[in-house]
Amino acid sequence: MTHDHPVAAERAVSRPFGRLLTAMVTPFTADGSLDLDGAVRLANHLVDEQGNDTLVLNGTTGESPTTTDVEKERLIRAVAEAIGDRARVVAGVGTNDTRHTIELAQSAEQAGAHGLLVVTPYYNKPPQSGLVRHFTAVADATGLPIMLYDIPHRAGVPIATETIVRLAEHGRIVAVKDAKSDLTATSWVTSRTELAYYSGEDSLTLPALAVGCVGVVGTSTHFTGVLTKRMIEAYDAGDTGTALALHRRLLPLFTGIFRTQGTILVKAGLAAKGLPAGPVRPPLVDATDDEIAQLRADCAAAGLELPE
């Protein structure tokens, strides 16, 4: 009996970083300095209470534009030591300077990261050949697996489908955080490569699973982690009814966390729950009373309580 039909020839799904990943905020003290003790407490909460398989540190949600290279390294080291083998750490190292990105990648490897998140170089808008050169240089610079981060609305440039397919040939480029909002493009890449695709948009996680994604790198998952993971597991098990019900339940918070910049509302929500967060650094601004009230309403609509 042959299995030549493309549907029958379904390949095994690889999840190098598990199913549920959260782009963790970076806790600060009241005066705005790095709160390493708070970061350890928050990381333990996200792993032990919210079910995260991997924590993504030093991403945009972690306020990487306003943390120093030394702060980034100290954060990775503290969190990696704290969570041990209970979860993995992926370090955001992307900048719009290839040389600086390589320096951050090597520092992250030395600090104990298990993988690297490398965003498209932003603002200087390199051509696709420049993206290939950038990502390849970073992948050559350490022994860690790499997750490309495709987010055109922030970077200004998409990673084209053909570019991603070409980059997939590199042994250490294993995954993509997909925030392109183009499930057709996603479909073409997942059908042509072995890359593990992770939804970079909380609200698109369920439809992304349908075209070959394997999980999510979330923001609202600071609060929805357990249920988001249950949604992914239900879909994987073929229980699409449960998955859809959970998607619909969580939609108010999947979207509500982005009513303003996501870090702002995550930190407000964590503070309300008595978890480490602290203020945001300028040019971000802390949530207003009205924004916190709306976040509380969005949490309630998703069946999750945010204390007064």
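Within each chain, residues carry numbers counting from 1 in the order of the written sequence. Where totals are concerned, whole chains, interfaces and linings use all residues; where local detail is concerned, this predicted model gives features only for residues with pLDDT of at least 70, and gives and counts side-chain atom pairs only at 80 or more. By convention in this description, side-chain values take in all heavy atoms of the structure and omit both hydrogens and water.

Remarks on the nonpolar core
Next, step 1: What is meant by a nonpolar core is a set of buried Ala, Val, Leu, Ile, Met, Phe, Trp, Tyr and Cys residues, joined one to another through side-chain atoms within 4.5 Å. Only protein chains enter the calculation, and the probe is 1.4 Å; a residue is then buried if its accessible area is under 20% of its type maximum, exposed if over 50%, and partly exposed in between. Of all hydrophobic cores here, the largest spans 78 residues; its most connected members are M24, L55, V79 and L116.
Next, step 2: It only takes one pair of heavy atoms within 4.5 Å for two residues to be counted as in contact. Contact partners of L55, with chain neighbours within four places excluded, come to T22, M24, A43, L46, V47, V79, I83, R88, V89 and V90.
Next, step 3: L21, A23, I151 and V217 belong to the second largest nonpolar core, which has 16 residues in total.

Regarding the pairing of strand β4 (residues 115-119)
Next, step 1: A run of H or I in DSSP counts as a helix once it spans at least four residues, and a run of E counts as a strand once it spans at least two, with each numbered from the N terminus. Among the 5 residues that make up β4, 5 are buried, leaving the element largely enclosed by the rest of the structure.
Next, step 2: We call a crossover right-handed when, viewed with the strands running away from us, the connection from the first strand over the helix to the second turns clockwise. Following the backbone out of strand β3 (residues 88-92), through helix α3 (residues 98-111) and into the adjacent parallel β4, one traces a crossover that is right-handed.
Next, step 3: Criterion used throughout: strands pair if DSSP finds at least two bridges between them. Pairing of β4 with strand β5 (residues 146-150) involves 4 bridges; the strand directions are parallel. Residue pairing across strands places V119 opposite Y149, the latter belonging to β5.

With respect to the environment of F258
Next, step 1: Of note, F258 is situated in the loop between α10 (240-256) and α11 (262-272).
Next, step 2: Once the C-alpha coordinates of F258 and L131 are considered, the two residues, 127 residues apart in sequence, prove to be 28 Å apart.
Next, step 3: Apart from residues no more than four positions distant in its own chain, F258 is found in contact with D202 and T219.

Let's talk about the packing of helix α1 (residues 36-48) against helix α2 (residues 69-83)
Next, step 1: Geometry is summarised by axes, namely lines fitted to C-alpha atoms with helices restricted to the contacting stretch, and by angles between N-to-C directions that run from 0 to 180 degrees. Where α1 contacts α2, the two axes come as close as 9 Å, and the packing angle between them is 45 degrees. Relative to α2, α1 is oriented oblique. Regarding α1 and α2, the two cross each other, and that crossing is right-handed. For the pair α1 and α2, contact is made by L36, A39, V40, A43, N44 and V47 and by R74, L75, A78, V79, A82 and I83, respectively.
Next, step 2: Residue type decides the class: Asp, Glu, Lys and Arg count as charged, Ala, Val, Leu, Ile, Met, Phe, Trp, Tyr, Cys and Pro as nonpolar, and the leftover types, Gly among them, as polar. Residue composition of the contact of α1 with α2, by class: 10 nonpolar, 1 polar and 1 charged. Orientation is classified from the angle alone, with under 35 degrees giving roughly parallel, over 145 giving roughly antiparallel, 65 to 115 giving roughly perpendicular, and any other angle giving oblique. Note: crossing handedness is left-handed where the near helix turns anticlockwise from the far helix by less than a right angle, and right-handed where it turns clockwise.

Remarks on the pattern of salt bridges
Next, step 1: Definition used for salt bridges: Asp or Glu carboxyl oxygen within 4 Å of a side-chain nitrogen of Lys or Arg. Per the stated rule, a full pass over the model turns up 11 salt bridges.
Next, step 2: Among the salt bridges present, the one from E71 reaches R281, with a minimum N-O distance of 2.9 Å. Of this pair, E71 sits in helix α2 while R281 is found in the loop between α11 and α12 (289-301), placing the two residues 210 residues apart along the sequence.
Next, step 3: Using a relative accessible area of 14% as the deciding quantity, one classes E71 as buried.
Next, step 4: Here R259 ties to D298 by a salt bridge, and the two come within 2.7 Å at their closest N and O atoms. In this pair, R259 is assigned in the loop between α10 and α11 and D298 in helix α12, connecting sequence segments 39 residues apart.

What to know about unusual backbone geometry
Next, step 1: Of note, the amide linkage connecting P282 to P283 takes the cis form, showing an omega dihedral of 15 degrees.
Next, step 2: Within the fold, P283 resides in the loop between α11 and α12.
Next, step 3: At Y123, a position not held by glycine, the phi torsion is positive, near 70 degrees.
Next, step 4: Locating Y123 in the fold gives a position in the loop between β4 and α4 (128-141).
Next, step 5: A positive phi angle is found at S181, which is not glycine, with a value near 60 degrees.
Next, step 6: Following the sequence through the fold, S181 ends up in the loop between β6 (173-178) and α7 (183-192).
Next, step 7: Under the relative-accessibility criterion, S181 is labelled partly exposed at 48%.

Let's talk about the sheet that holds strand β7 (residues 196-199)
Next, step 1: Read once around its circumference, the closed barrel built from 8 strands follows the order β1-β2-β3-β4-β5-β6-β7-β8, with strand pairing classed as parallel. Pairwise comparison of adjacent strand axes, ignoring direction, gives a mean angle of 25 degrees for this sheet.
Next, step 2: Against the sheet, helix α9 (residues 221-236) engages β1 (20-23) and β8 (215-218), with an angle of about 160 degrees to β1.

What to know about α4
Next, step 1: Over its 14 residues, α4 extends 20 Å from the first C-alpha to the last, a length consistent with the 20 Å expected when each residue adds 1.5 Å.
Next, step 2: If you follow the buried residues of α4, they end up packed against α3, β4, β5, α6 (161-167) and β6. A helix is expected to span 1.5 Å multiplied by its residue count minus one.

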